[in-house]
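Letter by letter, the chains look like this.
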Amino acid sequence: MTNPPPDAAARRAIAPVICYPNDSLPAPDMQLLAAARSTARKTDEVLVPPRDARCFEVPAGHFFRITSVEGPQVGDLNLWNLHDLSERFYSGKTRALHGTHVTTGERLWSSFPHLRPMATIVADTLDWYGIDEYGGSVHDVIGTRCDPYTGNLLSGTQYHQCCHSNLTRALADHLDLSRAEAEAAVHDVLNVFMCTGFTRDTGQYFMKASPVRPGDYLEFFAEIDLLGDLSACPGGDCSAEHSSDSAACYPLLVEVFAPAKGALTGWQSPAPNGYDRSHGR
Ligand SMILES: [Zn+2]
């Protein structure tokens, strides 16, 4: 261990600076979205079976809701531009812009070079949870997705119902891709309903039993035409472990709602990012 320098305490005492102050982020018009939502009617629904995933499509300007049904269950969500799988949800930049967990009024941003809002969260029945005494909160963009490679690395297992594999199978089935092609498009997720944080002493990623109960939901406004893929995590409520069949698991319901014609007057789907992509000399 290196000896601390004489001014170690002073260096540690420097106050943090927010990396990306987000007061200049283009803000969603939440009033317009709420008014449009009040006119919406359901057009589609998909029930995601436990330890499996399903894809769903949401046209730009529609809403989609993920609801806990039957029992406490967390979901791993991937999003793509419906017309271009290379534009996908970018959890790392979403975290940099909004923080480790997201809620109403915050947005899911897409990968470079697009970097635009894909979806805006318009309702969250777990917004009361806040940040608990362990530093835990709900709907994180810090986890990746449970996957069979990490299980194999840590304990030599061959488990096929991790979210990564569920998302891969569902995408392959939906788009008639090979599993290898689909796997390459699967990316880090929004952990819907999952309660997570980092331990203060060791900085390790932790999870704890989700506060979600049947009837709770997280709802989004689709800013662009979306292809969604949702896995009902084999961890169930993630109170103990994932990457095995030991947890109680439940389905998740996805519903799509279309607002009435004219309800979104003044709203436009966001353009791709304005950077000129020349990258200097
Ligand atoms: Zn999972």
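Being a predicted model, the structure only gives us computed values, none of them experimental. (Residues numbered from 1 in each chain as written. Predicted model: local features only at pLDDT ≥ 70, side-chain atom pairs only at ≥ 80, totals over all residues.)

What follows concerns unusual backbone geometry. With omega at 0 degrees, the peptide bond leading from Phe 112 into Pro 113 counts as cis. For Leu 115, which is not a glycine, the phi torsion comes out positive at approximately 35 degrees. Along the chain, the position of Leu 115 falls in the loop between β6 (107-109) and β7 (117-124). In this structure, Arg 277 is a non-glycine residue whose phi angle is positive, near 65 degrees. If you trace the backbone, Arg 277 turns up in the segment after β13 (252-258). (Helix = DSSP H or I, 4+ residues; strand = E, 2+ residues; numbered from the N terminus.)

The sheet built from six strands is open, its strands ordered β1-β13-β3-β11-β7-β6 with antiparallel pairing. The open sheet has two free edges, formed respectively by β1 (41-48) and β6, since each of these has just one partner strand. Pairs of neighbouring strands in the sheet enclose a mean axial angle of 25 degrees, with direction left out of account. Taken together, the five bridges between strand β3 (residues 63-68) and strand β11 (residues 217-222) define a ladder with antiparallel strand orientation. Bridge assignment links Ile 66 to a residue of β11, and that residue is Leu 218. (Pairing = 2+ DSSP bridges. Axes fitted to C-alpha atoms, helices over the stretch in contact; angles between N-to-C directions.)

We now examine helix α3 (residues 91-98). Along α3, the residues classified as buried are Ser 91, Thr 94, Leu 97 and His 98. Buried residues along α3 cover an arc of 125 degrees about the axis, so they all sit on one side. Close packing links the buried residues of α3 with β6 and β9 (190-198). Once α3 ends, the next one or two residues include Gly 99, with phi positive near 105 degrees. (Buried ≥ 20, exposed ≤ 12 C-beta atoms within 10 Å, placed from the backbone. Arc of directions from axis to C-beta. Contact = placed C-beta atoms within 7 Å.)

Let's shift gears to the nonpolar core. Formed by 60 residues in total, the largest nonpolar core has its most connected members in Leu 79, Met 118, Ala 119, Val 192, Phe 220, Ala 222 and Leu 226. With five residues, the top contributor of residues to this core is β9. Once residues lying within four places of it in the same chain are set aside, the contact partners of Leu 226 are Glu 57, Val 58, Leu 79, Leu 82, Met 118 and Ala 119. (Core = buried A, V, L, I, M, F, W, Y, C linked by C-beta atoms within 7 Å.)

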